[in-house]
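Read off the chains here:
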Amino acid sequence: MNKWYTLLVVATASFLTIMDFGLFGVALPQLASEFNLDPNVTLWITIAVFLGQAGPILVLGWISDNLGRGRVFFIGSVVTTLSLVFCAISNGFVQLILGRLVGALGYAFIMSNDNSLISAAFSKKEIGMAQGINNAVLGVGIGTGALLGGWLVDTINTTDIAWLDWRAFFWLRIIPWIILIILSWKLFEKKTHHPKFN
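One numbering rule holds for all chains: residues counted from 1, following each sequence as written. With the structure being a predicted model, the display of local features is reserved for residues of pLDDT at least 70 and the display and counting of side-chain atom pairs for 80 or more, all residues being used for whole-chain, interface and lining totals. Processing note: side-chain calculations cover all non-hydrogen atoms of the structure and skip hydrogens and water entirely.

Helix numbering and strand numbering both begin at the N terminus, where a helix is a DSSP run of H or I of at least 4 residues and a strand a DSSP run of E of at least 2. Of regular secondary structure, the chain possesses ten helices and zero strands. In sequence order, the secondary structure elements of the chain are arranged as α-α-α-α-α-α-α-α-α-α. Taking 198 residues into account, the globule formula puts the C-alpha radius of gyration at 16 Å, and the chain, at 17 Å, falls close to it. Buried, partly exposed and exposed residues are distinguished by accessible area as a fraction of the type maximum, computed with a 1.4 Å probe on protein chains only: under 20%, between the cut-offs, and over 50%, respectively. The 198 residues of the chain split such that 48% are buried. The contact definition used throughout considers only heavy atoms, calling two residues in contact when any of these lie within 4.5 Å. Counted over contacts in the chain with a minimum sequence separation of 6, partners at least 24 positions apart contribute 82%. As displayed, the chain offers around 9800 Å² of accessible surface, 68% of which is attributable to carbon and sulfur atoms. In this treatment the radius of gyration is a C-alpha quantity, and the globule benchmark scales as 2.2 Å times the residue count to the 0.38 power. Areas reported here follow the Shrake-Rupley algorithm with a probe of radius 1.4 Å; residue values treat only the protein chains shown as occluding.

What follows is the structure, encoded as structure tokens:
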């Protein structure tokens, strides 16, 4: 598989994943208002992702070694997309948190394999450059998320469109994740393992 295609897929996933944190860093006060909750309670929208993402990392490393890192990465993109749909149609704060926990699991599937996929695709002389590009995309992603979150908050508060509410934080991100599913299918087809360097 073309190494630049692999980097494109991984960088796209990195961008979409980190954008979540930038978006909700801005959106939490709006969500507190929408659900009529204390702002400290709505912090669980972000905390759930951290907890759900960190827990399964070690197990996912073992699963990836056996199933293939590209396949686990692809499954992560599917799980994350489904979680966004679930969050968008949820009827309350508890359901939203459950959806976020599922999304965190998808993030864990992806983030436990992104560097390994880059390492497998690039030579030892190029790995640093490839990982540097991916890290730069992370910086752009969190800034984009903050901008998107701010724009949505302002739009929700100044527009009388009935369907435009907190669910827009999830609906608007589903199409980019579907595109990632399509892009990462090639990774699923190839059983990619972590390279072994001498």
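Let us now look at helix H8 (residues 127-158). Every helix has an expected span of 1.5 Å times one less than the residues it contains. With 32 residues, H8 should cover 46 Å at 1.5 Å per step; its first-to-last C-alpha distance of 46 Å lies within 8% of that length. Three or more residues of H8 are buried, namely Ile-127, Ala-130, Asn-134, Val-137, Gly-141, Gly-145, Gly-149, Leu-152, Val-153, Thr-155 and Ile-156.

Okay, the packing of aromatic side chains next. In this analysis, rings of Phe, Tyr and Trp, with Trp reduced to its six-membered ring, are considered paired at centre separations within 6.5 Å, and the interplanar angle assigns stacked below 30 degrees, edge-to-face beyond 60, and tilted for intermediate values. Following the criterion strictly, the structure yields nine aromatic pairs and no others. Ring centres of Trp-4 and Phe-122 lie 5.3 Å apart, and the angle between their planes is 85°; on these two criteria the pair is classed as edge-to-face. Of this pair, Trp-4 sits in helix H1 (residues 3-35) while Phe-122 sits in the loop between helix H7 (114-121) and H8, placing them 118 residues apart in sequence. Geometrically, the ring pair formed by Phe-21 and Phe-50 is tilted, given 5.1 Å between the ring centres and 35° between the ring planes. Highlighted residues: Phe-21 in helix H1 and Phe-50 in helix H3 (residues 44-54), separated in sequence by 29 residues. You can call Phe-21 buried: its relative accessible area is 18%. Three or more aromatic residues link up through ring pairs in this structure, and these residues are Phe-24, Phe-35, Phe-93, Trp-166, Phe-169 and Phe-170. Distance and angle both matter: a charge sits over a ring if NZ of Lys or CZ of Arg is within 6 Å of the ring centre and within 35 degrees of the ring normal. Seen from the ring of Phe-24, Arg-100 lies directly overhead, with NZ or CZ sitting 4.3 Å from the centre. Above the ring of Tyr-5, the side-chain terminus of Lys-186 is found at 5.0 Å from the ring centroid.

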